[in-house]
Amino acid sequence: MTTTATISANLPTDIKDVHIQNYINGEWAPPTNGLFLDKYNPATGQVILQIPDSASADVDSAVKAAKAAFPLWSKTPVSERAAILLRIADLIDENSSILGTFESLDQGKPVFSAIHFEMPMCAASFRQFAKLITDGGIKESESRLESMITPTSITQPKASITESVTQHIAAGVAGLITPWNFPLPMVCFKLAPCIAAGSTCVVKPTELSSITSFLLSHILHAAGVPKGVVNIIFGSGLGAGEPLVKHKDVKLISFTGGSATGARIGALASGQFKRVSLELGGKNPAMFFDDCNIDHAVTTSIRGAYTNQGEVCLCASRQYVQHGIYEKFVEMFRQKVRSDIFVGNPLDPRTFYGPVISQQHMDKVLGYIRLAQEESATVEFLVNPNDIAVKGVSSDGRLTIEGHEGGYFIAPTLITNIKQSSRVMQEEIFGPVVCILPFGTEEEAVELANDTEYGLSASVWTLDHDKLDRVMRQINAGLVWGNNWLNMDQDMPFGGMGCSGNCRENGKYSLEFYTEVKTLSRHVFD
Ligand code: NAD
């Protein structure tokens, strides 16, 4: 058996050597239509490479390969599947610096967090599912039922016993469709449970940040993933994503992305009776009570607002602060952002956040800032006076960064005095923009927090344990933190309610998704 010590993924280290191609049936190939899309560096606005603009024909080849690989892979002993997952994890760790640097260049996220937090999470995902399947996988259910049935005569029922057990079997070919905010982690969180469960797949990563998924294909290849088990198709949502959703041989769709896209994919997939998992957007509240630890709360509130340029589905974009500490809290927030946050080149280790992903996305975020201004809200751009890279800020918050004048940078934006009913408070902005409003009572906090269509996450801040427990239990969200934000165990269920989705991922919840469950019920003879 191959060991990690003897294998290498031979990843390129220079962007000039990255030539993205589809990975189908264990081989790399350009799209059959010969078309490519320009990919822009968000920090400069310049084209850095091209990605395949794949279409139905490529999707079809990829699905064929996944379907052909399924019978053998689904019967491959768990120990062999786990060994391959562990080799993938080791190769991700060995290449975390290359992967993290490309992720930062491609997506705009700060390089430190890409290398030191996100790549380790990718490796951890493969290790987690290797362990889960070697520890027995999904626990099967059993039952023994005494019932009246008539094995010999219709007129004289006789007591008998029925024993039942469940059997989980790999489900088939899955389509995995992922967004751009955490490009590689989003792929790994789906891919690891899928192949651990014995299913095979076609991955359609985001067209806006594809480099690390392409590099992952080299890691999978080097780790010995058999051909066809994982296929990766690059391209747009409509050109490559939708044919994958509609393909008759794709049994499952796991999608993470925006709610509007999720609604369309959900409708297409369920019309064909496919199982579909939707992890969607959020408009997540944080509630800070008078009796919270204000230093801890303000620091975390800033992280919740601006981490990853605010491009985190779990971002605390609506913050509610109780009257008693409201003024102090907001002033501490302003001062700390102005002193601690550096915006600029994502490859500079000092940078707290970089550019947003694209010109189109920047225009969308700036549009929400202008809307708040039109609605006479108070809009502040909290630029750090010591951030010497910042050369200017426009009236709607766009930053000019020295040496990166064409980049898609937005100032840390604070909005107050805005109506709860405003679109700015109700819709996902997905940028470095936070709204902070005051509240009076506990009941009011719960009502405001629950007042959106979304239900992904929330956080509650108070040192009163009874209140903490009471409030956390009343919030309509899949994930509620107490005196905390973003810390979570990759084994605990993750997912949202309402417009935030219809499923739970992680641990056994993910394994279950990629399997079919059968009930085997048999009569026990006397
Ligand atoms: P998006 O919906 O625009 O795209 C996501 C993926 O879907 C991309 O790969 C895209 O090409 C593909 N796609 C687009 N249209 C498609 C179609 N018609 N058929 C098939 N595929 C299609 O989302 P995005 O802008 O890439 O990502 C940002 C969104 O993702 C935000 O709303 C964010 O909250 C959400 N998100 C949610 C979670 C979560 O776990 N709940 C995690 C990360 C991001």
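Residues numbered from 1 in each chain as written. Predicted model: local features only at pLDDT ≥ 70, side-chain atom pairs only at ≥ 80, totals over all residues. Heavy atoms only, no water.

1. What to know about the pairing of strand 15 (residues 390-393)
Both strand 15 and strand 16 (residues 398-401) contribute to a ladder of three bridges, which runs antiparallel. Each bridged residue has a counterpart across the sheet, and for Gly392 the counterpart in strand 16 is Thr400. What sits between strand 15 and strand 16 in their antiparallel hairpin is a turn of four residues, with Gly397 showing a positive phi close to 100°. (Pairing = 2+ DSSP bridges. Helix = DSSP H or I, 4+ residues; strand = E, 2+ residues; numbered from the N terminus.)

2. Some details on the site of the ligand
The environment of the ligand is made up of 31 residues, and the closest members are Glu207, Glu242, Thr261, Leu280 and Glu428. Backbone polar atom of Gly237 to an oxygen atom of the ligand: 3.2 Å apart, as the coordinates give it. Taking Leu280, its main chain carries an N or O atom lying 2.7 Å from a nitrogen atom of the ligand. Burial of the ligand by the protein chains amounts to 89% of its free accessible area of 850 Å². When residues of the shell around the ligand are traced back to their parent elements, those giving at least two are helix 7 (237-246), strand 10 (252-256) and helix 8 (259-271). At five residues, the largest contribution of residues to the shell around the ligand is made by helix 7. For the shell around the ligand, a count of residues per class yields 14 nonpolar, 11 polar and six charged. (Near = heavy atom within 4 Å. Polar contact = N/O pair within 3.5 Å; in protein donor to acceptor, adjacent residues only side chain to side chain. Areas by Shrake-Rupley, 256 points an atom, 1.4 Å probe, with all protein chains shown as cover. Nonpolar A, V, L, I, M, F, W, Y, C, P; charged D, E, K, R; others polar.)

3. Details of the sheet that holds strand 19 (residues 433-439)
Read across the sheet, seven strands follow the order 14-18-19-13-12-21-22 without closing on themselves; strand pairing throughout is mixed. Of all the strands in the sheet, the pair left with one neighbour each is strand 14 (378-381) and strand 22 (479-482). Shown here is a sheet whose adjacent strand axes are inclined to one another by a mean of 20°, direction ignored. Inspection of the sheet shows strand 14 paired to strand 18 (residues 413-416) by four bridges, in the antiparallel sense. The residue of strand 18 that forms the bridge with Phe381 is Thr413. (Axes fitted to C-alpha atoms, helices over the stretch in contact; angles between N-to-C directions.)

4. Concerning the packing of helix 3 (residues 96-107) against helix 5 (residues 183-196)
Viewed as axis vectors pointing N to C, helix 3 and helix 5 meet at an angle of 120°, and their least axial separation amounts to 9 Å. Two secondary-structure elements touch here, helix 3 through Leu99, Glu103 and Gln107 and helix 5 through Pro183, Leu184 and Pro185. (Contact = heavy atoms within 4.5 Å.)

5. So, the domain arrangement of the chain
Domain annotation of the chain identifies domain 1 (22-138 + 168-280 + 502-516) and domain 2 (285-489). Domain 1 and domain 2 are separated by 30 Å when their C-alpha centres are compared. Between domain 1 and domain 2, the buried area comes to about 1900 Å², and carbon and sulfur atoms account for 62% of it. Our count for the contact surface shared by domain 1 and domain 2 stands at seven residue pairs in polar contact (both at pLDDT 80 or more). Elements represented by at least two residues in the side of domain 1 that touches domain 2 include exactly strand 3 (36-40), helix 3 and helix 4 (111-134). (Domains from an automatic or database assignment. Buried area = accessible area lost by both parts, 1.4 Å probe.)

6. Quick look at helix 5
The terminal C-alpha atoms of helix 5, which comprises 14 residues, lie 20 Å apart, in line with the 20 Å expected from a rise of 1.5 Å per residue. Counting buried positions over the 14 residues of helix 5 gives 14, a clear majority of the element. Residue Gly198 follows helix 5 closely and has a positive phi angle near 95°. (Expected span 1.5 Å × (residues − 1). Buried < 20%, exposed > 50% of the residue type's maximum accessible area, 1.4 Å probe, protein only.)

7. Thoughts on the environment of Arg338
Looking at where Arg338 falls in the secondary structure, it is placed in helix 10 (residues 323-340). Relative accessible area serves as the criterion here: at 32%, Arg338 is assigned to the partly exposed category. Residues Arg338 and Phe439 lie 101 residues apart in sequence; the distance between their C-alpha atoms is 25 Å. For Arg338, the contacting residues outside a window of four places in its chain are Glu380, Leu382, Val383, Asn384 and Pro385.

8. Some words on unusual backbone geometry
We note that Asn308 has phi near 55°; this positive angle belongs to a residue other than glycine. Inspection of the secondary structure puts Asn308 in the loop between helix 9 (294-306) and strand 13 (318-322). You will see that Asn483, though not glycine, has its phi angle at about 50°, which is positive. Turning to its location among the elements, Asn483 is positioned in the loop between strand 22 and strand 23 (497-498).

9. So, the packing of helix 2 (residues 78-94) against helix 4
Between helix 2 and helix 4, whose axes approach to 8 Å, the crossing angle comes to 165°. In terms of axis orientation, helix 2 runs roughly antiparallel to helix 4. Handedness of the crossing formed by helix 2 with helix 4: left-handed. Along the contact surface, helix 2 presents Val78, Arg81, Ala82, Leu85, Leu86, Ile88, Ala89, Asp90, Ile92 and Asp93, while helix 4 presents Met119, Cys122, Ala123, Phe126, Arg127, Phe129, Ala130, Ile133 and Thr134. Residues that form the contact of helix 2 with helix 4 fall into these classes: 14 nonpolar, one polar and four charged. (Parallel < 35°, antiparallel > 145°, perpendicular 65-115°, else oblique. Left-handed = near helix turned anticlockwise from the far one by under 90°.)

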